[in-house]
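Report on the structure
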Amino acid sequence: MLNLKSGLSSSTVKGFLAAPKHPTSFAYSARSSLSCQAFAPPRRPHCRPFIRIRATAQPSDPEAQIHPQLERSTKLKIAIVGFGNFGQFLAKTFVHQGHVVQAFSRTDYSETARNLGVSFFKDPHDLCEEHPEVIVLSTSITSTESVLESLPLQRLKRNTLFVDVLSVKEFPKKVFLKLLPPEFDILCTHPMFGPESGKDGWEGLTFVYEKVRVGNHRDRIGRCDQFLQIFAHEGCDMKEMSCEEHDRYAAGSQFITHTVGRVLGKLGLQATPINTKGYESLLKLVENTQGDSYDLYYALFLYNLNAIEELEKLEMAFESVKNQLLSQLHEVLRKQLFNSEDE
Ligand SMILES: NC(=O)c1ccc[n+]([C@@H]2O[C@H](COP(=O)([O-])OP(=O)(O)OC[C@H]3O[C@@H](n4cnc5c(N)ncnc54)[C@H](OP(=O)(O)O)[C@@H]3O)[C@@H](O)[C@H]2O)c1
């Protein structure tokens, strides 16, 4: 059975299925800025819309006979470098969608990987010799540069796609552009959710990306879009923007959220028998932000050029609110003081 994401008529789909087979004949979802030439086989005048394929096809369904062919053409070999909390979280969905997933990390995660259906490599040379089509860097922000420098890039295929998922964007973009050979493709992304907020699925959750450098060949454009398709397929809200723009927004939202969560955490807030909804959301904020490592929080500050300005604005806003309260209090006290003296 085919599930059509972009409201295609069944005749359009049948036309597509009857079309000559083409290995990269899927286009990215309608929300993407995908160029049509990337996927359209020669002599096809229009862009192919995104088609979601379910694994529930019935053998009697004629469309299902073409299904395995289509399935193969959409599967990627993805290597995750940095197989900690977030790397494992991503791997689950990659595997679930049928992609071949491999991993490398400084810690030996062989057992965890096996349970997730991921092949774990203790040596980055062995991983690179597997020639993954996509390498997803999911290490801590602070270790990004050293990890990338330690990878034996010469063992990879010449035009491997490198993806990062760091919570800051301008920094990895610069590092990738500096350290990766010019024939490698670069996609900078930030899935704006994690194991906590994304535990019940990714529907409606924001995914930010910038196609920093993608070679002008249809296979390379197709591979990049196939990777993005993983998130679109799960229902993510796909937002294409520059890394610099992301960091400006994130300093005013994500960094402030983490900072307020950590400040409130210092107060040691406790649930009471008379919690309001507002207070419960504060408790939730503390719980969510404390789940992330301090390394991650510190990196949101250090590696986002806009963070210090936001911290200063937060401090000034707090002072301003405090002064407003205190000055009003002084006025009331003064009135009481002078009135009582008059009497
Ligand atoms: N957690 C989230 O909700 C979330 C959401 C979106 C994006 N991200 C991004 O995803 C990335 C991973 O985040 P995380 O939550 O897993 O926690 P993290 O503390 O930011 O990173 C942990 C990962 O970094 C690796 N690592 C740390 N120091 C290293 C070093 N010196 N050398 C080599 N590897 C090192 C760890 O490897 P070992 O485990 O092998 O030690 C582990 O794979 C970060 O860049 C973060 O910004 C996280």
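Treat the numbers as computed from the prediction; the structure is a model and nothing was measured.

**Structural notes on the site of the ligand**
Around the ligand, the surrounding shell holds 24 residues, and the nearest of these are Gly84, Ser105, Thr107, Ser167 and Gly194. Going through the elements one at a time, α3 (85–96) and α11 (294–302) are the ones with two or more residues in the shell around the ligand. Considering each element in turn, the shell around the ligand owes the most residues, three residues, to α3. Residues of the shell around the ligand, tallied by class, amount to eight nonpolar, 13 polar and three charged.

**Focus on the pairing of strand β10 (residues 237–240)**
As paired strands, strand β9 (residues 206–213) and β10 are joined by four bridges and run parallel to one another. Bridged to Thr206 within β10 is Asp237.

**Considerations on the packing of helix α9 (residues 243–267) against helix α10 (residues 277–290)**
Each pair of packed helices gets described by two things: the angle between the helix axes and the distance between those axes. Contact pair α9 / α10: the axes reach a minimum separation of 8 Å and the direction vectors enclose 105°. For the element pair α9 / α10, the angle class is roughly perpendicular. On α10, the residues touching His258, Val260, Gly261, Arg262, Leu264 and Gly265 of α9 are Leu282, Leu285, Val286, Asn288, Thr289 and Gln290. For the contact of α9 with α10, the class distribution of residues is five nonpolar, six polar and one charged.

**Brief notes about unusual backbone geometry**
For His131, which is not a glycine, the phi torsion comes out positive at approximately 55°. Checked against the element boundaries, His131 lands in the loop between α5 (124–129) and β6 (134–137). Taking the C-beta count within 10 Å as the criterion, His131 has 12 such neighbours and is therefore assigned exposed.

Procedures and definitions
In this convention, every chain numbers its residues from 1, walking through the sequence in written order. Reporting in this predicted model follows two pLDDT cut-offs: at least 70 for local features of residues, and 80 or more for side-chain atom pairs to be given and counted; totals over whole chains, interfaces and linings ignore these cut-offs and use all residues. Being near a molecule or strand means, for a residue, that its C-beta atom, positioned from the backbone, comes within 6 Å of it. Counting from the N terminus, the helices are the DSSP runs of H or I reaching at least four residues and the strands are the DSSP runs of E reaching at least two. Residues are grouped as follows: Ala, Val, Leu, Ile, Met, Phe, Trp, Tyr, Cys and Pro are nonpolar; Asp, Glu, Lys and Arg are charged; every other residue, Gly included, is polar. By definition, two strands form a pair when at least two bridges between them are found by DSSP. Orientation is described by axes fitted as lines to C-alpha atoms, over the contacting stretch for helices, and by angles from 0 to 180 degrees between their N-to-C directions. In what follows, roughly perpendicular refers to angles from 65 to 115 degrees, roughly parallel to angles under 35, roughly antiparallel to angles over 145, and oblique to any angle outside these ranges. This entry defines residue contacts through backbone-placed C-beta atoms, with two residues in contact when those atoms are within 7 Å. Comment: burial labels come from other C-beta atoms within 10 Å of the residue's own C-beta, placed from the backbone, where a count of 20 or more is buried, 12 or fewer is exposed, and between is partly exposed.

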